[in-house]
Amino acid sequence: FQRLLDKMKFQNEFLKMLADVFTGPFKDGTDNSKDYRWFAVIYLLIRVITISFYYIPYEYHVIVFAFQLIVFVITGGVIIIFRPYKRNIHNFSEFLMISI
């Protein structure tokens, strides 16, 4: 992997900074807590799934609404149960944004 990065002229520090942007607000395993940095990838996949629902034809709008509702309820439940962010205000505000 390092050889590939060298050929592409990416700097290792650049990739670390890019990863920190996505995983920065999540708990990282310090302070006797669990590591929830994996939640950034799951959250990105959830966003891709919900955006992909908009490409389904309008005839199935009831089914699309039901799937979106299910995805949002599951995501909100996961956020409240696991509390992946470092600050509780982020967990609570994320839950409110998904709930509304």
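Scroll up a little and you will see the structure.
Quantities reported herein were computed from a predicted structural model and do not represent experimental measurements. (Residues numbered from 1 in each chain as written. Predicted model: local features only at pLDDT ≥ 70, side-chain atom pairs only at ≥ 80, totals over all residues. Heavy atoms only, no water.)

A. Molecular detail of the packing of aromatic side chains. Enumeration over the complete set of coordinates arrives at 8 aromatic pairs. Ring centres 4.7 Å apart and planes at 20° place the aromatic pair Phe 26 and Tyr 85 in the stacked group. Residue Phe 26 is located in the loop between helix H2 (12-23) and helix H3 (39-52), and its partner Tyr 85 is located in the loop between helix H4 (61-82) and helix H5 (88-99); the two are separated by 59 residues in the primary sequence. Given the relative accessible area of 4%, Phe 26 is considered buried. With a centroid separation of 6.1 Å and 55° between ring planes, the pair formed by Tyr 36 and Trp 38 is classed as tilted. Counting every residue linked through ring pairs, the aromatic cluster contains Phe 26, Tyr 36, Trp 38, Phe 39, Tyr 43, Phe 82 and Tyr 85. (Phe/Tyr/Trp six-rings, centres within 6.5 Å; stacked < 30°, edge-to-face > 60°. Helix = DSSP H or I, 4+ residues; strand = E, 2+ residues; numbered from the N terminus. Buried < 20%, exposed > 50% of the residue type's maximum accessible area, 1.4 Å probe, protein only.)

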